[in-house]
Amino acid sequence: MPAADHDKPYAMRLYLWNASICESLYLPLQTAEVCVRNAIHYTLIRRYGQDWNTNHAFTNLLLKKYQEELFRTTADEKEVRGAAYTVDHVVGGMSFGFWVNLLTHSFRHHLWQQGMRRSFPHIPQGIEREDAYAKVNQLRVFRNKVAHHYAIFDRRPLAEHQNAMEIIGWCSPSAVHVVRQLSNPRRVVQKPKRWPTL
């Protein structure tokens, strides 16, 4: 309503336009998140073995809330999947915050300096751990705004989209190509603000 100067029909148009922008960002944000968690997962396997999620050398490094989340997710996935259970199910069940936390300063010796950079095979040379953390955490914050239906039309959505595409590119240039073919946030953002007509 404030953005529409309290014009209710205009506010509804902005709301629907915002929803369309969020929809156009879903695939890039989803792909970037999956790329990040898979890259870190590969690092954990190399460092702590296939069952890293139950390796105390790793789990003892975690903050209590992330320990609890990991133990709970592992137990839940084992119960639901039964004999089909693998650690891959745990990877998909963990919050994005868990993965972002593994890029923080606390894990620089245990993960980043132990080869995490190799898990992002196309990351530019100038990007260090703190840069990667900042960009991935920015992705997390924006992704949460989209997921919780915040107004993001005035929150630089195209810059956030570019950030997501850069992160995808760290892992897979071919994934960047596919996402570009399937989503076009710029086209949606550049529609007139009074779109759609009600």
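Look up: the structure comes first, before these words.
What comes next concerns the included structure.

1. Let's talk about the overall build of the protein chain
Broken down by element type, the protein chain carries 9 helices and 0 strands. Across the protein chain, helices and strands are ordered from the amino to the carboxyl terminus as α-α-α-α-α-α-α-α-α. Referenced to the eigenvectors of the C-alpha coordinate spread, the extents of the protein chain come out at roughly 60 × 40 × 30 Å. Every one of the 198 residues in the protein chain was classed for burial, and the buried ones make up 45%.

2. What about helix α8 (residues 173-182)?
Along α8, the residues classified as buried are Ala175, Val176 and Val179. Each buried residue of α8 lies within a common arc of 105° when the element is viewed along its axis, so the set occupies one face. The outward face of α8, more than 90 degrees from its buried face, is lined by the exposed residues Ser174, Arg180 and Gln181. Those residues of α8 hidden inside the fold are in contact with α1 (8-48) and α7 (157-171).

3. A look at the pattern of salt bridges
Tallied over the entire structure, the rule returns 6 salt bridges. Between Lys135 and Glu166 there is a salt bridge, with its nearest N and O atoms 2.9 Å apart. With Lys135 in helix α6 (residues 129-147) and Glu166 in helix α7, the pair connects residues that are 31 residues apart, well separated along the chain. The buried category is assigned to Lys135, whose relative accessible area is 18%. For Glu166, a relative accessible area of 32% puts it in the partly exposed group.

4. A closer look at the layout of surface pockets
Within this model, the largest pocket holds a volume of roughly 270 Å³. Lining the largest pocket are 15 residues, and of these Leu14, Tyr15, Asn18, His149 and Ala151 lie nearest its centre. Examining the composition of the lining of the largest pocket, we find that 6 residues originate from one element, α1, more than from any other. Residue classes in the lining of the largest pocket are distributed as 13 nonpolar, 2 polar and no charged.

5. Overview of α7
In an α-helix there are 3.6 residues to a turn, and that puts residues three or four apart on one side. An ideal rise of 1.5 Å per residue puts 21 Å on 15 residues; α7 measures up with 22 Å between its terminal C-alpha atoms. What α7 keeps buried is the set Pro157, Glu160, His161, Asn163, Ala164, Met165, Ile167, Ile168, Trp170 and Cys171.

6. Considerations on the side chain of His161
Topologically, His161 is positioned in helix α7. Residue contacts for His161: discarding those within four places in its chain leaves Leu25, Pro28 and Pro185.

7. Examining the packing of aromatic side chains
The final tally for this structure, using the stated rule, is 7 aromatic pairs. For the ring pair Trp17 and Phe153, a centre distance of 5.4 Å and an interplane angle of 45° mean the geometry is tilted. Highlighted residues: Trp17 in helix α1 and Phe153 in the loop between α6 and α7, separated in sequence by 136 residues. Ring geometry for Tyr48 against Phe58: centres 5.4 Å apart, planes inclined by 45°, an arrangement best described as tilted. Taken together, the residues span a long stretch of sequence, with Tyr48 in helix α1 and Phe58 in helix α2 (residues 56-59) at a distance of 10 residues. On the accessibility criterion, Tyr48 (10% relative accessible area) is buried. Classification of Phe58 as buried rests on a relative accessible area of 0%. A connected cluster of aromatic rings, assembled from ring pairs, spans Tyr48, Trp52, Phe58, Tyr66, Phe98 and Trp99.

How each quantity is defined
- Residues numbered from 1 in each chain as written.
- Predicted model: local features only at pLDDT ≥ 70, side-chain atom pairs only at ≥ 80, totals over all residues.
- Heavy atoms only, no water.
- Helix = DSSP H or I, 4+ residues; strand = E, 2+ residues; numbered from the N terminus.
- Buried < 20%, exposed > 50% of the residue type's maximum accessible area, 1.4 Å probe, protein only.
- Arc of directions from axis to C-beta.
- Contact = heavy atoms within 4.5 Å.
- Salt bridge = Lys/Arg side-chain N within 4 Å of Asp/Glu carboxyl O.
- 1 Å grid on protein atoms, 1.4 Å probe; cavity = no way out; pocket = protein on both sides within 12 Å on 5 of 7 lines; lining within 4 Å.
- Points joined across faces, edges and corners; volume = space filled by probe spheres on them.
- Nonpolar A, V, L, I, M, F, W, Y, C, P; charged D, E, K, R; others polar.
- Expected span 1.5 Å × (residues − 1).
- Phe/Tyr/Trp six-rings, centres within 6.5 Å; stacked < 30°, edge-to-face > 60°.

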